[in-house]
Amino acid sequence: MTIISLMKQVPLPSEMRMGEDGLMDRTKAKSIINIDCGYALEAGIQIKNENPDAKLIVCSMGPPSFEESLKKALSMGYDEAYLLSDRRLGGSDTYATGLAISTMLKHLGFGKGLDEDFLIVAGRQTSDGDTAHVPSQVAENMGIPQATFIETADLVDGNIEAKRIIEGGYQMMKLPLPCALSFTPTGIDPRRPSLSGAIKARNSEITVFSIDDINLSDEKIGLSGSPTIVAKVANIKSERAPVKMSEGHSETELVNSLMENIKSGKNTLEVKEKKEKKEKKRPEGFEEIDFRDGASGILTWAEVVNGKISRPSLELLTPARDLANQLEEDTQVTTLLIGKDIQDLAKELVAHGSDEVIVVDDERLEEYRILPFSEIFAQVIKERNPEIALFAATTAGRELAPRIGVKTDSGVTADCTALEIGEHINRKEKKIFAPILESRRPTYGESKLATILGFVCPQISTARAGTFEVPTPDENREGIITNFEPKLKKKEFVSEIIETVRGEGGLQSLFDADIIVAGGRGATSDDLKLVQELAAALSEQGVKAEWACSRPVVDDGTAEYARQIGQTGKTVRPKVYVAIGVSGAVQHIAGMKESETIVAIDHNAKETIFSNADFGIVGEYQDILPELIEKVKSGFTFGLEVKK
Amino acid sequence: MDSTDTVSTDVLIVGGGPSGLAAAIHLADSLKKRGIDDKRIMLIEKGNAIGSHNLSGAVIDPKIFKTFLPDVDISEIPLDSEVTVDKTMFLTETSDNALPFHPPYMNNIGNYSASISKLCKYLAQIAEDKGVEIYSGFAVEDVIYKDGKVSGVKTKDTGVDHHGKNLKNFQEGTTVEAAITILAEGTRGSVAKKVIDALDLDTGCNEQIYSLGVKELWSVPEGNIEAGTVYHTMGYPLQSGSEFGGGFIYGLEDNKVALGLVVGLDYKDPSFDVHAAMQVWKQHPFVSKILEGGTIQEFGAKTLPEGGYYAMPKFYDDNLMIVGDSAGFLTTARLKGIHLAIESGMMAAKAAAKALVSGDTSKASLSYYNELFEQSNAYEEMYRARNFRQAFDKGMLLGGLQFATQLITGGAGVLGRLRTEKDSEVLMSLNAFTGVPFAQRFEGKLEFDKKFTFDKVTDVFYSKANHEEEQLCHLVLNNPENYNKVNIEQYGCPEASFCPAEVYELHTDKEGHKELRIHAENCVHCKTCDIKSPAAGITWVVPYGGDGPDYEYM
């Protein structure tokens, strides 16, 4: 068996700087193996340890400087390294990247038939792209099954058994070989190389391919092979002034100082007067191009979880309706609903704004699986020819959209926080492309907002859960409900779901709470007891309080997934968010940064949580919290009004 | 994944500072001169990259480069600036006066300021070009012995949780068998310490004594200080008679300033805090006007072995040599060790080359290293200044006179060989110490604004120190049951004061119960705790390779 690890080298996120040209300057930042890719490398080694005959190879695509990270992979224990490196690859989007990598793998002899003995392991996403597209795109190009958001995987009797992280819990999946897996950075930490490994790596050669070596034509890659472009990157200005830190030499002094700080208010940012922007005039004499070529309408996916339409799928109908309103008058919002015994859910979608619901009701489709679902989408898209397709950026949506994109030759924009209809002016070619979907997404650790445009229909985007409001349902709204019968082959059902485990309910109370007390890894030595006590004390005071946690706390089993705040959990915006022992990983910040006031308590003043907080205490939570709870019991409510 | 992961080499050098790199380069040169090209030279560095754990003032005496790198013009070496102004200032709390003369040995005109991190990166490239294999990011945990003789080293196991349990990503360390092992770990080398002890290499030596240097690198407005300007300060904030040391301020290229305070660790006040003393020193008008309008770029700390000639262990044994700071190659009188580190590396290299040719790496063969030393400039310099530091037991000015006498009498002074005590044993308990405690001495000057003066945590941020959480704590309490009774109750937890990186915190809860908390992630690898902790309370062991500070221009 061959284990193929796909790896990308990225600039150390904390060292990225914006260059003078407005693009990211990667040259000054140190390079590292992308965090998630490190977990994939380790997952490969784990499988090899149990199957000593397996060969480990690592593949990457990028400039020659990537050899540094490939060497590191070799020093961790990989046997061979390959790099696809060619200037003409510059500007490739995820679609073109997926194609180029697959072409390299095919050149290496993989992906020719279904009875091959190989496994692809990749990181879930990269820190400089955050799309999570490439593993799906490679799997589709290679024509093999896939599972993304995998934490651990084992080879059992020739099949892969993998634990896949999903909203609310996890799934145990079984996939035949060959298949592709993408790993979250929550499984087994990547090992440090041994000295003997480093010595071996020093003496190993890395095979470098140009696109000619693998017979890839330059039209299929780079800018010309990419259905999407990055039209604009803007800075996301921090709207948070520097944190006000508590001063004091004991718990009592620190907590008193916090109370005084909250009373006196946050630090304020100096607001620089913005220069008024001149309205850009639409240039005259440019050719206006409607590249949609007859494609029309917006297609969304209604994800069914536990027999209900998931909240993010309902949220999606808000931007879908807005976009339809910005397009031609008769633009339809169509929703695809796939599952078993789901006819009743169609009406709910109509009430929330779908003009038409296409229902695929099949007992084999009770649970989401990527192969049949992506095939159904491809067939519906072929029949309906929508101009835009939208998915909620859930674990399912984020793998489904790119796989569909490969089937329809479309690019995909991941994890958007704003969707609008606009136009693209190409001054060089004197052309205006309109109307076009402008998908905006935070990137580079939430520090930049990129606008991505796609020029192939359907223009596909996934929208971040928790970003848009659920539309107010109107039970009297009318819409069409259509049944659709897809043609599905046996091979779409090769992967099995052995077990799905979801934690307690959706915990909607987190969305309604005025104050959330969240515990991170640094608050678990008492199993979050103090965190819960603080929330309970606040509730007793008559404040709407709830407790939550960060990702590692869910991983180690201390709390259920429903309480997880962050990119792969819930996005909340309470009036007050109290982060205790939370380091402030980007993924967590994404889920709470919209909170009105953020209070951080941690023993390590260097943690990034403090640069995202309004008030802070540096100290051990076991010391601070008892004091804080006492103050709450005698009436301190973080400045929140108490409703009697 | 073999369980016995072994590689072998002819020469293994532990540590990629100036002495280790000099040994590597000079050995490659010496072997080439002898027409030998089949010997493997391997160098292992614990820092993430070469240079990332190297810190020095630094002002370097460039003479050594003529013999060390004969084919390289001095202009090609990435030194910073040639020293053109050199003054020693005597500070009182409010005034500054230039001394009308240089203290003996302190003339720096013609020397060069430099970043040792940068210099080491340059030397590493030269070494690589000469065929030396350099592996950075690997921590050597201990030497291995065969028949009671050193026969190589073992690197640290990784993938262990903080209780010592193997994790799924456990990776066993590599055993390196070497005909000759050269320890170049720097000050208070954790492996050298064990070997010196195991092989009794310090029998009859004075106790090694140390200073702690705390350094900041600043970027200041043009005109604050010219590149090539060197100031040393004596006096404030240190107390004559009980605290040995002084400050340094070096003007560098691109309007950078390297500055720091170096204080002998033989002070007695258990609450003395070198880092805080440096912040107090920065508030002196002479220093503050140089920093005005500037911003901090980097922070770091290191200890310096200052025992001098009499404190040097026997630095060779069967298959083993010790070089640089690990062997005590430093002349406190000149505040310099880099040229001696390089010279010691070169001498060890000559001995290694000779031994490899003859096939005899025994103690007798390697004693050639000592022979070379006794004929060297290093010896001349160190022997003349052999009682320098000891003389200062009587205070800076008296000590200066004592040292001047020593120079006249060829180093013997009026007292012959002066003895020293261990730094940890000089420290007084709270009860025994009758002087004014540190906090009282500098009342009103210990509130740091985090812009001009910094608390330790803020400064540590600028060292970019980092340590993986999943590993055994690399700061080992030797007698945990004794610690509260002795170190906390009797001494008031001096670790919290002397550690410049806030690794140690004395926590007092509401009931008044006191306990030590260790924040190992802050450690900048200065090893003061290993040196100064009362009752040998703490042992510094090497953490995972690649952990620690990440200096760029220190």
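Residues numbered from 1 in each chain as written. Chains lettered and ligands numbered in written order. Predicted model: local features only at pLDDT ≥ 70, side-chain atom pairs only at ≥ 80, totals over all residues. Heavy atoms only, no water.

1. Some details on the overall build of chain B
In terms of helices and strands, chain B carries 18 helices and 23 strands. For 554 residues, the compact-globule estimate of 2.2 N^0.38 gives 24 Å, and chain B sits close to it at 23 Å. Across its three principal directions, the C-alpha atoms of chain B cover 65 × 55 × 50 Å. Taking all 554 residues of chain B together, the buried fraction comes to 61%. Looking at chain B alone, contacts between residues at least 24 apart form 78% of all its contacts between residues at least 6 apart. (Helix = DSSP H or I, 4+ residues; strand = E, 2+ residues; numbered from the N terminus. Rg over C-alpha atoms; globule rule 2.2 N^0.38 Å. Buried < 20%, exposed > 50% of the residue type's maximum accessible area, 1.4 Å probe, protein only. Contact = heavy atoms within 4.5 Å.)

2. Brief notes about the packing of aromatic side chains
All names here are of chain B. Here the structure, examined in full by the defined rule, presents 30 aromatic pairs over all chains. Between the aromatic rings of Tyr-236 and Phe-442, the centroid separation amounts to 6.3 Å while the plane-to-plane angle is 75°, which identifies the pairing as edge-to-face. With Tyr-236 in the loop between β14 (229-235) and β15 (245-252) and Phe-442 in the loop between α14 (438-441) and α15 (456-461), this residue pair connects regions lying 206 residues apart in the sequence. Taking relative accessible area as the criterion, Tyr-236 reaches 11% and is therefore assigned buried. The class of Phe-442 is buried, set by a relative accessible area of 5%. For the cation-ring pair, Lys-354 lies above Tyr-368, with the distance from its terminal atom to the ring centre recorded as 4.5 Å. (Phe/Tyr/Trp six-rings, centres within 6.5 Å; stacked < 30°, edge-to-face > 60°. Lys NZ or Arg CZ within 6 Å of the ring centre and 35° of its normal.)

3. Focus: the pattern of salt bridges
Residue and element names in this part refer to chain A. Evaluation of the coordinates by the stated rule reveals 59 salt bridges over all chains. Here Arg-292 ties to Glu-387 by a salt bridge, and the two come within 2.8 Å at their closest N and O atoms. Of this pair, Arg-292 sits in the loop between β16 (287-289) and β17 (298-302) while Glu-387 sits in the loop between α10 (370-384) and β22 (388-392); the two residues are 95 residues apart in sequence, bridging distant segments of the chain. Considered together, Arg-292 and Glu-387 belong to a single accessibility category, that of buried residues. (Salt bridge = Lys/Arg side-chain N within 4 Å of Asp/Glu carboxyl O.)

4. As for the interface of chain A and chain B
By convention, interface size is frequently given as the accessible area that disappears when the constituent parts associate. Listed by partner, the interface residues are 28 residues for chain A and 39 residues for chain B. When residues of chain A are sorted by the area they lose upon contact with chain B, Arg-192, Leu-195 and Lys-606 of chain A head the list and together hold 28% of the total. Ionic pairing is found between Arg-517 of chain B and Asp-623 of chain A, a salt bridge with its closest N-O pair at 2.8 Å. Put simply, chain A and chain B have 16 residue pairs in polar contact (both at pLDDT 80 or more) between them. Per element, the largest residue contribution to the side of chain A that touches chain B is five residues, and it comes from helix α5 (residues 195-202) of chain A. Of the residues belonging to the side of chain A that touches chain B, the class tally is eight nonpolar, seven polar and 13 charged. (Buried area = accessible area lost by both parts, 1.4 Å probe. Polar contact = N/O pair within 3.5 Å; in protein donor to acceptor, adjacent residues only side chain to side chain. Nonpolar A, V, L, I, M, F, W, Y, C, P; charged D, E, K, R; others polar.)

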